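Below are the chains, spelled out letter by letter.
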Amino acid sequence: MQPPDHATDLTLPDRIADASPARRTALVEDLVRWTYARLLGEATAWCDRLAPAEAGDRIAYLVPPGRIHVAVQFGVWARGAVAVPLAVSHPLPELEHVLDDAGPRVVVIDPTLPQAPRLTASARARGAAVVTIPIPPPTVHHPRTDPLPTRPRPTDPALLVYTSGTTGRPKGVLTTHGNLTARITVLTAAWGWTASDRILHTLPLHHIHGLVNALACALWSGAACEFGTGAPAATWDRLASGEITLFMAVPTVYGRLIRAWQEAPEPVRRRWSEGVAGLRLMVSGSAALPARIFGQWREITGHTLLERYGTTEIGMAFSNPLAGERRPGHVGPPLPGVEARIVDDRGHPVPPGGGGEIEVRGPQVFGAYWNRPGDTAAAFRDGWFRTGDEGCVADGGYLRILGRRSVDIVNTGGYRVSALEVEEVYRTHPAVRDVAVVGVPHREWGEQLHALWVPEDGRRRPPGVELRAWGKERLAPYKVPHRFRAAPTLPRSTMNKVLKAEVRRMFME
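Residues numbered from 1 in each chain as written. Predicted model: local features only at pLDDT ≥ 70, side-chain atom pairs only at ≥ 80, totals over all residues. Heavy atoms only, no water.

S.K.: I'd like a rundown of helix α3 (residues 67–78), residues and numbers included.
M.R.: Spacing of three or four residues puts side chains on the same side of an α-helix, whose turn is 3.6 residues. Counted at 1.5 Å a residue, the expected span for α3 with its 12 residues is 16 Å, and the 16 Å between its end C-alpha atoms agrees. When you tally the buried positions in α3, you get 11 out of 12 residues, the bulk of the element. Turning to α3, its buried residues are Arg67, His69, Val70, Ala71, Val72, Gln73, Phe74, Gly75, Val76, Trp77 and Ala78. Two residues or fewer past α3, Gly80 is found with a positive phi of approximately 80°. (Helix = DSSP H or I, 4+ residues; strand = E, 2+ residues; numbered from the N terminus. Expected span 1.5 Å × (residues − 1). Buried < 20%, exposed > 50% of the residue type's maximum accessible area, 1.4 Å probe, protein only.)

As structure tokens, then:
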């Protein structure tokens, strides 16, 4: 396949405004259908509501995935601003970290969310204007198709998405509209997107998996994006309806769908399996796909899941082919137009079949971490982005992921969690003197967070259930350790470094 022609003067808002059929369905949610014309009208209305933000300002929004979320995002771009999506699953301290780091001029909040009252106060205390989603929705619709008020240029910043790293607190990954175009065009070509497609979207919209791979690719193609609840039975019913052509999920979700199928009555299983066979593509990503799930899913549905590899900083870089061999345990060769290499610790390419760090460069790679020039410089080597992931290339150029170079990054349920960030939060607990957090292999989650902690002298030792509840008030649910074990000291090397491998072994035993 030849690399797609990256139209450097075209952005996603341009594409939707100029090339998408106005009357085609763009978004579906709760049986409500929006055409592309309606989406443009709603985006224009949101652009008007987002004053006083100006071009280049950051606009954060805490809005559940769905039609309104998409309208707000395009309204931000119509104003020439930078979209900063917030995770509806995150507690207030994590949301406040983004507010402090990104410094948004405006914050959009869904008042029905539990974090809404305190986040509203926090945003105003930081000098941001707060805009709430109208309840009920406005009765005046905006079906017009006139050009959006502002057309961003490819070099303009588009998204500021926060991702964990080995330095602790999440960092803002700043991508331009040109970066997004490069990511979208390579995937729509590689995965055969057309205007006839309809994807069932159950992914978060604060990660590139949901933002780019599922949503943006659908809209770029003039296809329909249907938002689902994520409930296993409801997901099965929609996948088997005959109306869906694509589905993307993390391995944990596929595992839950398999269990739901196994627990269903025989007639239901038969209906689900026969219906799902009609989809043209099902993709797994964000975490390694266990061979067990790969095999079970193929047996149940007849589908060979397509695995791919990417990060927030680079988008998708590797993918098994749409037509051709999809190897279990491999993420395929590099996508067209993507340069990739495997290097040793000194940055020298390793011989074929050898293991090393995966490095990537190309138009899809981000430009900088927000306000972190030191971290940005450290993330690149001679123009190549250092992913921090280990891999090796097998026959045919297929990449196999070997794991993270840093033991302080845990991939749990498709989320990459910084163990250092979790440790930093738990050290503020009055009963915790010190703590070491590690990832332990888990059948469903890939890895599960466990914490070895040292109690503070003279303090009551709270049980694990209490420590988990305390953590959920300060961290996203997937960042809270599932198991806590008290110890008099943490195992350390002669250089006083915590021996994470030893901690991990203690839990595994």
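S.K.: Tell me about the sheet that holds strand β24 (residues 446–455), and please be specific about residues and values.
M.R.: Strand order in the open sheet formed by three strands is β23-β24-β25, with mixed pairing between adjacent strands. Looking along the sheet, the strands with just one partner apiece sit at the ends: β23 (432–442) and β25 (483–486). The average undirected angle you get between the axes of adjacent strands in this sheet is 25°. In this sheet, β25 lies alongside β24 in parallel orientation, the contact comprising four bridges. Among the inter-strand pairings, Leu452 is bridged to a residue of β25, identified as Arg485. Lying over the sheet, helix α13 (residues 419–426) contacts β23 and β25, oriented at roughly 145° with respect to β23. (Pairing = 2+ DSSP bridges. Axes fitted to C-alpha atoms, helices over the stretch in contact; angles between N-to-C directions. Contact = heavy atoms within 4.5 Å.)

S.K.: Hey, could you go over the side chain of Asp434 for me, with residue numbers and the actual values?
M.R.: Tracing the backbone through its elements, the reader meets Asp434 in strand β23. Exposure remark for Asp434: the relative accessible area of 15% places this residue in the buried category. Looking at Asp434, its side chain comes within polar contact range of the side chain of Arg427, at 3.0 Å. Excluding anything up to four places from it in sequence, Asp434 contacts Arg427, Leu452, Trp453, Val454, Leu490 and Arg492. (Polar contact = N/O pair within 3.5 Å; in protein donor to acceptor, adjacent residues only side chain to side chain.)

S.K.: Outline the packing of aromatic side chains, supporting the account with residue identities and numerical values.
M.R.: In this structure the tally under the stated criterion is 13 aromatic pairs. Ring centres of Tyr254 and Trp297 lie 5.0 Å apart, and the angle between their planes is 70°; on these two criteria the pair is classed as edge-to-face. With Tyr254 in helix α9 (residues 251–263) and Trp297 in helix α11 (residues 291–301), the pair connects residues that are 43 residues apart, well separated along the chain. Accessibility assignment for this pair places Tyr254 and Trp297 in one class, buried. (Phe/Tyr/Trp six-rings, centres within 6.5 Å; stacked < 30°, edge-to-face > 60°.)

S.K.: Describe the side chain of Glu359, listing the residues and the values that go with them.
M.R.: The residue Glu359 is located in strand β16 (residues 355–361) in this model. Look at Glu359 and you get buried, because its relative accessible area is 0%. Among the polar contacts listed, one links the side chain of Glu359 to the side chain of Arg341, at a separation of 2.8 Å. Of the polar contacts made by the side chain of Glu359, one reaches the side chain of Arg381; its length is 2.7 Å. Each residue touching Glu359, except ones within four places of it in the same chain, is listed here: Glu339, Ala340, Arg341, Val343, Arg381, Trp384, Phe385 and Arg386.

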